[in-house]
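Coordinates in review
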Amino acid sequence: AQKVTQAQTEISVVEKEDVTLDCVYETRDTTYYLFWYKQPPSGELVFLIRRNSFDEQNEISGRYSWNFQKSTSSFNFTITASQVVDSAVYFCALKRPDSSYKLIFGSGTRLLVRP
Amino acid sequence: SAVISQKPSRDICQRGTSLTIQCQVDSQVTMMFWYRQQPGQSLTLIATANQGSEATYESGFVIDKFPISRPNLTFSTLTVSNLSPEDSSIYLCSGGGGYNEQFFGPGTRLTVL
């Protein structure tokens, strides 16, 4: 069965701190796709990154970075020098290589960045 | 990236009525998805809508309660029928093809009294 686990329900940090959001996934597929989304208080879901299972290179985009490790089935997300605007719920998701193209979401991690 | 709009953005409805949510994508997409997000929860897939065929519903969701239309490659509607307070949620439309990026609309916040 496919499953995405985000064990951290809520994280609170002070502005400028670094913070890592954990994502652990389960799948028997050798090909799969991993995603991160941000949901700010306004409610829309903002796409952050897509990674396929054959690309284990870490990705950096500004203050955001992602660490994909197949050996531990993890796809963690780090925000460097956090800002108040980073406060949101962050979802990790898995997509299987079948024709359904369905996204399987984790339960989300609520990040609160305090000034 | 695709831009997805939804109407209405929010609504307050009476028990027993229905609400139809519209989803418009600014480009043609193969598949459109409808999700429900109950307060404080993650996203749950309701159904997948393909143009020209019946929607495919997930376990626990039925067509009578959530009829879906997909008349073309840029538009879909979701109706939530016979509303009850338990239907109070955010409903999100999503579009995308295959394993590429999947984008979401801004959501429709439904409150049922």
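1. A word on the overall build of chain A
Summing up its helical and strand segments, chain A has zero helices and twelve strands in all. Its helices and strands in sequence order give chain A the pattern β-β-β-β-β-β-β-β-β-β-β-β, from N to C terminus. For 115 residues, the compact-globule formula gives about 13 Å, and the C-alpha radius of gyration of chain A, at 14 Å, lands near that figure. Each of the three principal axes of chain A carries a C-alpha extent, and together these read 45 × 25 × 20 Å. Taken across its 115 residues, chain A has 44% of its residues classed as buried.

2. Describing the overall build of chain B
Looking only at helices and strands, one finds zero helices and eleven strands in chain B. Secondary structure of chain B in N-to-C order comes out as β-β-β-β-β-β-β-β-β-β-β. The globule rule puts the C-alpha radius of gyration for 113 residues at 13 Å, and the 13 Å found for chain B is close to it. Taken over 113 residues, chain B has a buried fraction of 51%. When contacts within chain B are restricted to residue pairs at least 6 apart in sequence, those whose partners lie at least 24 apart make up 53%. Within the structure as shown, chain B displays about 5,200 Å² of accessible surface, and the carbon and sulfur contribution to it stands at 47%.

3. Concerning the environment of Y64 of chain A
Residue and element names in this part refer to chain A. Its place among the elements puts Y64 in strand 8 (residues 64-69). On the accessibility criterion, Y64 (15% relative accessible area) is buried. Separated by 61 residues in the primary sequence, Y64 and K3 have C-alpha atoms spaced 24 Å apart. Setting aside chain neighbours within four positions, we find Y64 in contact with K38, L48, E59, F77, T78, I79, D86 and Y90.

4. Looking at the pattern of salt bridges
Scanning the model with the defined rule gives six salt bridges over all chains in all. The partner of D29 of chain A in a salt bridge is R96 of chain A, with the nearest N and O atoms 2.9 Å apart. Remark: R96 of chain A occurs in the loop between strand 10 (88-95) and strand 11 (103-105) and D29 of chain A occurs in the loop between strand 4 (24-26) and strand 5 (33-39); sequence separation between them is 67 residues. The class of D29 of chain A is buried, set by a relative accessible area of 19%. When the shortest N-O distance is used, the salt bridge between K102 of chain A and E58 of chain B registers 3.0 Å. Of this pair, K102 of chain A sits in the loop between strand 10 and strand 11 while E58 of chain B sits in the loop between strand 6 (56-57) and strand 7 (68-72), on two different chains. Linked by salt bridges that have partners in common, R51, D55 and E59 of chain A make up one network.

Cut-off values and rules
Residues numbered from 1 in each chain as written. Chains lettered and ligands numbered in written order. Predicted model: local features only at pLDDT ≥ 70, side-chain atom pairs only at ≥ 80, totals over all residues. Heavy atoms only, no water. Helix = DSSP H or I, 4+ residues; strand = E, 2+ residues; numbered from the N terminus. Rg over C-alpha atoms; globule rule 2.2 N^0.38 Å. Buried < 20%, exposed > 50% of the residue type's maximum accessible area, 1.4 Å probe, protein only. Contact = heavy atoms within 4.5 Å. Areas by Shrake-Rupley, 256 points an atom, 1.4 Å probe, with all protein chains shown as cover. Salt bridge = Lys/Arg side-chain N within 4 Å of Asp/Glu carboxyl O.

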